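One letter stands for each residue in the lines below.
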Amino acid sequence: MRKLTLLLFILANLTFVQAQNSEKELIQNTEKAVKKINDTIEGEGWKAKGTVSLLLNQSSFNNWIAGGEDSFSGTLGINYDFNYKKDDLTWDNKILASYGLLQTKNADYEKKTDDRLEFNSILGKRAFGEWYYSYFLNFRTQFSTGYLYGKDENGKEIRTENTKFMSPGYLTTGPGIYWTKDDNLKINFAPLTSKFTFVDGAYTSGIDQATGLPYVDGSYFGVDANKTMRYELGFYASVYYKLAIMTNVTAENTLNLYSNYLEDPQNVDINYSLNIIMKVNKFLSANLSFQAIYDDNAFSGFQTREVFGLGINFGF
């Protein structure tokens, strides 16, 4: 945790001085700072690697007969691993964070194009062969407030607050057994997994903002009226697979499955992520991020998001 705090502190300071440094100097400072952290970590038996990407998109129109609207969007993403391995003990950690905004000329509000904060950690002690006794933790939430958009009787755009940081927030954790062949393929089974769903009590009392009707038990991410947490006990399985599709093109696949023993075990929660990095050179890459979620407590269908762009990419 000390090393993670140090990393975030350095990234924050580099952002602050960005306006005072040239792009080349910023890149050099970022590389030096991260190399210092990685050297420290690896000196203690750790290995660290990751990427920081910035995707930008801008459109401008002037007397354009075909039509169009001025817009600007940007997405900042972090994918960082810090892993420990010594003797018969392993500890793998991954941080996934991304945030993006879109502003169009005629819109009253800027809108999010991406919002994700996720931390994965799995501790393993060798049992036999390539199998380990394990204990894992997965935490997911978002950074900022999410809105439902609509129009009033005059056609003016309006928005209603629907989600925010830690509402919902998910914590999934439990013991299990873990198999890994190498850093590119990892599988974990956890038959006694606890899942906690946290929400703000303001969303589960009074009027449901999405429908305008009195709140009904379980209609906000499965949490009952006037409650702030939902507990589940079930079976959890996860698969991580990274492969090189071709030269300078890599794909990371992560699949998480969860079945709740206590209620509707046949309704398996699914969370699949795909991250493809197509490297152009040392600093530029095309990035594709795709995520699909099925959780009937949140929405009766698949939730999907996809972000693609060409951007600045810091590898470390």
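For every chain, the first residue of the written sequence is number 1, and numbering continues from 1 along that sequence. This being a predicted model, a pLDDT of at least 70 is required before a residue's local features are given, and a value of 80 or more before pairs of side-chain atoms are given or counted; all residues contribute to the totals for chains, interfaces and linings. Only hydrogens and water are set aside; all other atoms, that is, all heavy atoms of the structure, feed into the side-chain values.

As named in an unreviewed UniProt entry, the chain is DUF3078 domain-containing protein, taken from Flavobacterium bizetiae.

A. Molecular detail of a positive patch on the surface. Patch membership requires more than 30% relative accessible area and the absence of a salt bridge. Residues of like charge join within 9 Å; the nonpolar side chains Val, Leu, Ile, Met, Phe, Trp and Tyr join within 5 Å. The Shrake-Rupley method, run with a 1.4 Å probe sphere, supplies the accessible areas, and residue values consider only the shown protein chains as cover. Within this document, salt bridges are pairs made up of a side-chain nitrogen of Lys or Arg and a carboxyl oxygen of Asp or Glu, the two lying within 4 Å of each other. As used throughout, the charge tally considers Lys and Arg to be positive and Asp and Glu to be negative, leaving His and the chain termini uncounted. Taken as the charge centre is NZ of Lys, CZ of Arg, CG of Asp or CD of Glu, depending on the residue. On the surface, a cluster of positive charge is made up of Lys47, Lys49, Lys85 and Arg126. Secondary structure elements are taken from DSSP: a helix is a run of H or I of four residues or more, a strand is a run of E of two residues or more, and numbering for both begins at the N terminus. Tracing the backbone through its elements, the reader meets Lys85 in strand β2 (residues 71-86). For Lys85, a relative accessible area of 58% puts it in the exposed group. Exposed residues in this analysis have more than 50% of their type's maximum accessible area, buried residues have under 20%, and partly exposed residues fall in between, with area computed by a 1.4 Å probe over protein chains only.

B. Local environment of the pattern of salt bridges. For the structure shown, the criterion picks out 14 salt bridges. A salt bridge links Glu252 to Lys94, with the nearest nitrogen and oxygen atoms 3.4 Å apart. With a gap of 158 residues between them, Glu252 in strand β11 (residues 249-260) and Lys94 in strand β3 (residues 89-104) connect regions that are remote in the sequence. The class of Glu252 is buried, set by a relative accessible area of 12%.

C. Inspection of the pairing of strand β6 (residues 146-151) at higher detail. DSSP-based pairing: two strands are paired if at least 2 bridges between them are found. When β6 meets strand β7 (residues 157-163), the two strands line up antiparallel, connected through 6 bridges. Bridge pairing links Gly150 to Ile158 in β7. The hairpin formed by β6 and β7 contains 5 residues between the paired strands, and Gly155 there has a positive phi angle of roughly 85°.

D. Inspection of a nonpolar patch on the surface at higher detail. Taken together, the side chains of Phe189, Leu192, Met229, Tyr231, Phe235, Tyr261 and Leu262 define a hydrophobic patch exposed on the protein surface, amounting to about 670 Å² of accessible area. Those elements that place two or more of their residues in the nonpolar patch are β9 (185-198) and β10 (229-246). At 3 residues, β10 tops the list of elements feeding residues into the nonpolar patch. The partly exposed category is assigned to Phe189, whose relative accessible area is 32%.

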